[in-house]
Amino acid sequence: MNIAVILAGGVGSRLDSSYPKQFFKVAGKTVIEHTVDVFERNERIDEIAIVINPAYITTIEEIVLKNSWRKVRKILKGGAERYDSSMAAIGAYADLEEANLIFHDAVRPLVTNRIIDDVVSALDTWNAVDVAVPAVDTIISVEGEVIRAIPERSKLRRGQTPQGFKLKTIREAYRRAFRDPAFKATDDCGVVLKYLPEESIFVVKGEESNMKLTYKEDSYLLDKLFQLHSFSLQEKEVALDKLKDKVLVIYGGSYGIGAEVAAIARERGAKVHVFSRSINGVDIASVENVKRSLAEVERQEERIDYVVNTAALLIKEPLVNMDYEEVSRIIQVNYVGMVNVAMESFPYLKKTKGKLLFYTSSSYTRGRAFYSLYSSTKAAVVNFVQAIAQEWEAAGVRVNCINPERTKTPMREKNFGIEDASTLLTAEAVAKESLKTLLSEFTGQVIDVKLNK
């Protein structure tokens, strides 16, 4: 049994805030919500315990109910020191003979599934597991303001969390520690290292983005990292047969990715309705076109489960060479059209607790010369998706964004010419990941689709 213990007992003194840092808002949610979400969705975590400052028990109870977290089984009172919080969890599971406790700082909201999975896997072999990244700066040891030693950097790591333990191991380490009148510890691996020297502590590779919110300035960096945060579903097996009898609306499905989404969904028994300028004269830049098309589908099917928007314009040339009619058209389709699809889809998807899917481009993280309007509107897609996902989560509407690497489509060929097909994703591959995303429970995510090389 793998139990995640979210350590949230801090009071936020270094953040210069009257409110504990785990309740600080980043990317539209409290930090602790982002953190617990990762463990809630991880398939290898069976249960979650949250250790909180007693003054905020009611606050965390309200957050748990609001998020409908199913794995959170215990809300425990923490103490004045970090080890008090760890001991609260150890004591809460005293009746278990065998279990893995995975301790994680509530204020590290960007922990990844890969890190969690690696820690859990390591516990199959080791009794204690840490997470760390290489030290990139030279570390100096000082007395007062004078350097006394410079350790060899290649042997140094910067510790992170989660830290995982066999329950019996961490319990025994603390049992011995409390016999020591000089006991002092900053983390759980340190307790095992000092009081169970016979135990080797395995180190899992961490990630630079798995940062801890400590100072006020950290919140700005976290906010930016959340904007760029993405992951891949390519390793997950999803039964596309679950699409059977679902009603799917696709905008821009005349060719490329949209056409492949339609074809695969139909093969799996979905009821697919495709709209585009070339097929049936539907232009997403016109809110009336979008409104009419969705109403038509509901009249026929009496429901709409999924809406996918693949419609976009790419004109590859310097901005100063474009006329204002072209500029306006790109903005109307790529941005205003996206807003039209979202707003008009919402009432239908609210009824069915449905899903909305948009597409960005790998250029969204940095503006690119010769297609400034395309890359900037695709950056806007990411920001828009993350924002409305938060707004609509309470209504049960999930919104995500696909970020494919370079993909072989007619639009790309028109702008870039003939390229080596082995260096490009196929539209079919992107379409399959798109449908897997529609069948997932994620929201507000940027889903990377990468070429397997």
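So, a few notes on the structure that sits alongside this text. (Residues numbered from 1 in each chain as written. Predicted model: local features only at pLDDT ≥ 70, side-chain atom pairs only at ≥ 80, totals over all residues. Heavy atoms only, no water.)

### Thoughts on a nonpolar patch on the surface
So, step 1. A cluster of nonpolar side chains, Ile140, Val142, Ile147 and Ile150, forms an exposed patch at the surface whose accessible area comes to about 360 Å².
So, step 2. Along the chain, Ile147 turns up in strand S9 (residues 146-149). (Patch = residues over 30% accessible without salt bridge, like charges linked within 9 Å, V, L, I, M, F, W, Y side chains within 5 Å. Areas by Shrake-Rupley, 256 points an atom, 1.4 Å probe, with all protein chains shown as cover. Salt bridge = Lys/Arg side-chain N within 4 Å of Asp/Glu carboxyl O. Helix = DSSP H or I, 4+ residues; strand = E, 2+ residues; numbered from the N terminus.)

### Observations concerning the nonpolar core
So, step 1. Grouped together as the largest cluster of nonpolar side chains are 35 residues, with contacts concentrated most on Tyr251, Val307, Leu356, Phe358 and Val399.
So, step 2. Those elements that provide at least two residues to this core are strand S13 (247-251), helix H10 (287-301), helix H11 (324-352), strand S16 (355-359), helix H12 (372-392) and strand S17 (398-404).
So, step 3. Once you skip the residues sitting within four places of it in the chain, Phe358 turns out to touch Asn309, Met338, Val341, Ala342, Val381, Phe384, Val385, Val399, Asn400, Cys401 and Ile402.
So, step 4. Of all hydrophobic cores here, the second largest spans 31 residues; its members include Ile32, Ile102, Val119 and Val129. (Core = buried A, V, L, I, M, F, W, Y, C linked by side-chain atoms within 4.5 Å. Buried < 20%, exposed > 50% of the residue type's maximum accessible area, 1.4 Å probe, protein only. Contact = heavy atoms within 4.5 Å.)

### Focus on the sheet that holds strand S6 (residues 100-105)
So, step 1. Pairing is mixed across the open sheet formed by 7 strands, whose spatial order is S5-S4-S1-S6-S10-S7-S11. Each having just a single partner strand, strand S5 (72-77) and strand S11 (201-205) make up the two edges of the open sheet. Strand-to-strand twist across the sheet, computed as the mean angle between neighbouring axes with direction ignored, equals 25°.
So, step 2. The pairing of strand S7 (residues 128-134) with strand S10 (residues 157-166) spans 6 bridges and is classified as antiparallel. Pairing of Ala132 across the sheet is with Gly159, part of S10.
So, step 3. Contacting strand S1 (2-8), strand S4 (47-52), S5 and S6, helix H1 (residues 31-41) crosses the sheet at an angle of about 175° to S1.
So, step 4. In the packing of helix H5 (residues 167-177) onto the sheet, contacts are made with S6 and S10, and the angle to S10 comes to roughly 110°. (Pairing = 2+ DSSP bridges. Axes fitted to C-alpha atoms, helices over the stretch in contact; angles between N-to-C directions.)

### Some thoughts on the pairing of S7
So, step 1. Taken across its 7 residues, S7 has 6 buried, putting it largely inside the fold.
So, step 2. Judged from the 5 bridges that link them, S7 and S11 form a sheet pairing that is parallel. Bridge pairing in S11 links Ala128 to Ile201.

### Overview of the side chain of Asn340
So, step 1. Within the element layout of this structure, Asn340 appears in helix H11.
So, step 2. Excluding residues within four positions of it along the chain, Asn340 makes contact with Ile284, Ala285, Ser286, Val287 and Val290.

### Focus: the packing of aromatic side chains
So, step 1. This model, assessed by the stated rule, comprises 13 aromatic pairs.
So, step 2. Arranged with centres 5.9 Å apart and planes meeting at 70°, the rings of Tyr83 and Phe178 form a pair that is edge-to-face. Of this pair, Tyr83 sits in helix H3 (residues 82-92) while Phe178 is found in the loop between H5 and helix H6 (188-195), placing the two residues 95 residues apart along the sequence.
So, step 3. By way of ring pairs, the aromatic residues Tyr83, Tyr174, Phe178, Phe183 and Tyr195 are connected into one cluster.
So, step 4. The ring of Tyr93 has Lys74 sitting right over it, with the charged end atom 5.1 Å from the ring centre.
So, step 5. Directly above the aromatic system of Phe370 lies the positively charged group of Lys316, at a separation of 5.4 Å from the ring centroid. (Phe/Tyr/Trp six-rings, centres within 6.5 Å; stacked < 30°, edge-to-face > 60°. Lys NZ or Arg CZ within 6 Å of the ring centre and 35° of its normal.)

### A few points about helix H14 (residues 427-438)
Spacing of three or four residues puts side chains on the same side of an α-helix, whose turn is 3.6 residues.
So, step 1. Counted at 1.5 Å a residue, the expected span for H14 with its 12 residues is 16 Å, and the 17 Å between its end C-alpha atoms agrees.
So, step 2. The buried fraction of H14 amounts to 9 of the 12 residues, a majority that puts the element mostly inside the structure.
So, step 3. Of the positions making up H14, those classed as buried are Ala427, Val430, Ala431, Glu433, Ser434, Leu435, Lys436, Thr437 and Leu438. (Expected span 1.5 Å × (residues − 1).)

### A few points about unusual backbone geometry
So, step 1. Omega for the bond connecting Thr161 with Pro162 falls within 30 degrees of zero, at 15°, which places this linkage in the cis form.
So, step 2. Along the chain, Pro162 falls in strand S10.
So, step 3. Unlike most non-glycine residues, Ser68 shows phi in positive territory, near 55°.
So, step 4. Here Ser68 is to be found in the loop between helix H2 (57-67) and S5.
So, step 5. Even without being glycine, Phe370 reaches a positive phi, approximately 80°.
So, step 6. On the basis of relative accessibility, which here comes to 46%, the residue Phe370 falls in the partly exposed class.

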